[in-house]
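Here is how the chains run, residue by residue.
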Amino acid sequence: MKKTKIFLVFVFLLMMPVLSLNNANATTLYRLPLASNPGYNAWFDHNASVGSELRYDCVTNFSYDNHHGTDFAASFGTSIYSGAAGSLYYRVDNCPDGSQPSCGSYYGNHVRLWHADGRVTIYAHMRQWTPIWYQSVLCGVYIGQSGNSGQSSGPHLHFELWQNTGIGTRLDFFGGNCNSPSYWVNQNGGWPTTQCQ
Ligand SMILES: [Zn+2]
């Protein structure tokens, strides 16, 4: 009996560094940034060359050439929520709705959240004056409303994922087969859920 107990404690001690290492390197996963999924206007284009596109597609829809985010068909004034806990380190809120394409580096009014794993989410083309000021947010917090600011041809939410805080590598939230691991908490066959990590 005593030997078994000692053995179990030994095994637990062996596992501890592994457990803490996993926590430190955990990838941040995201919830749907809206209360419900209104459908897609466009997917991420995985083909970098101009004139051709390759999209990850669970639900048949469109992409634009060199489009580096997921466009949700959110109507004007739809509430947007943080995809995961993070720090707001950059924002623009004074772009007019639909009349100044280059405003906010083409993202228009937008919020950039920096997450625990170093990646960044962008919520673009928001309605004027609606992006929040809070410096840190939990997952699922209201951060503004959808709009038509910046380079946008109609109200929608452009949701984008960066490898880090510089605009270098941009990632697709979707991955694998339709229900395979991706940057969504639950990819749900192409219809991500509001479940937080
Ligand atoms: Zn877009």
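Residues numbered from 1 in each chain as written. Predicted model: local features only at pLDDT ≥ 70, side-chain atom pairs only at ≥ 80, totals over all residues.

(A) Looking closely at the overall build of the protein chain. Tallying secondary structure elements over the protein chain gives 1 helix and 10 strands in all. Each helix (α) and strand (β) of the protein chain, taken in turn from the N terminus, gives the series α-β-β-β-β-β-β-β-β-β-β. Going through the 197 residues of the protein chain one by one, you find that 37% of them count as buried. Put simply, of all contacts in the protein chain between residues at least 6 apart along the chain, 61% involve residues at least 24 apart. (Helix = DSSP H or I, 4+ residues; strand = E, 2+ residues; numbered from the N terminus. Buried ≥ 20, exposed ≤ 12 C-beta atoms within 10 Å, placed from the backbone. Contact = placed C-beta atoms within 7 Å.)

(B) A look at the nonpolar core. Core analysis: the largest hydrophobic core is formed by 30 residues, its most contacted members being Y30, Y123 and L157. If you list the elements that add at least two residues to this core, you get strand 5 (109-114), strand 6 (120-126) and strand 9 (157-162). (Core = buried A, V, L, I, M, F, W, Y, C linked by C-beta atoms within 7 Å.)

(C) Structural context of the pairing of strand 6. Across the 7 residues of strand 6, 6 count as buried, placing the element largely inside the fold. Bridge count between strand 5 and strand 6: 5 bridges; the pairing is antiparallel. In the strand pairing of strand 6, R112 is matched with I122. Hairpin connection of strand 5 to strand 6: 5 residues between the antiparallel strands, including G118 at a positive phi of 95°. (Pairing = 2+ DSSP bridges.)

(D) Layout of unusual backbone geometry. Unlike most non-glycine residues, W129 shows phi in positive territory, near 70°. Of note, W129 is situated in the loop between strand 6 and strand 7 (136-137). Positive phi values are uncommon outside glycine, yet N188 reaches one of about 50°. Its place among the elements puts N188 in the segment after strand 10 (170-171).

(E) Structural view of the environment of C58. Structurally, the position occupied by C58 is in the loop between strand 1 (40-42) and strand 2 (70-72). Separated by 121 residues in the primary sequence, C58 and N179 place their C-alpha atoms 8.9 Å from one another.

(F) Here's a closer look at the environment of L138. Note on placement: L138 falls in the loop between strand 7 and strand 8 (142-145). Look at L138 and you get exposed, because 11 C-beta atoms sit within 10 Å. Taking C-alpha positions, L138 is 9.7 Å from Y81, a pair spaced 57 residues apart along the chain.

(G) Structural context of the environment of G140. With respect to the helices and strands, the residue G140 is situated in the loop between strand 7 and strand 8. A C-alpha to C-alpha distance of 9.0 Å links G140 and A35, two positions 105 residues apart in sequence. Leave out the neighbours within four places in its chain, and G140 touches R31, Y81, S82, T194 and C196.

(H) Fine view of the confidence of the model for the protein chain. Here the protein chain shows a mean pLDDT of 87. Residues at 70 or above account for 87%. Confidence drops under a pLDDT of 50 for residues 6-23, and excluding neighbours within four residues, the segment shows 0 contacts in the predicted structure. (pLDDT = per-residue confidence, 0-100.)

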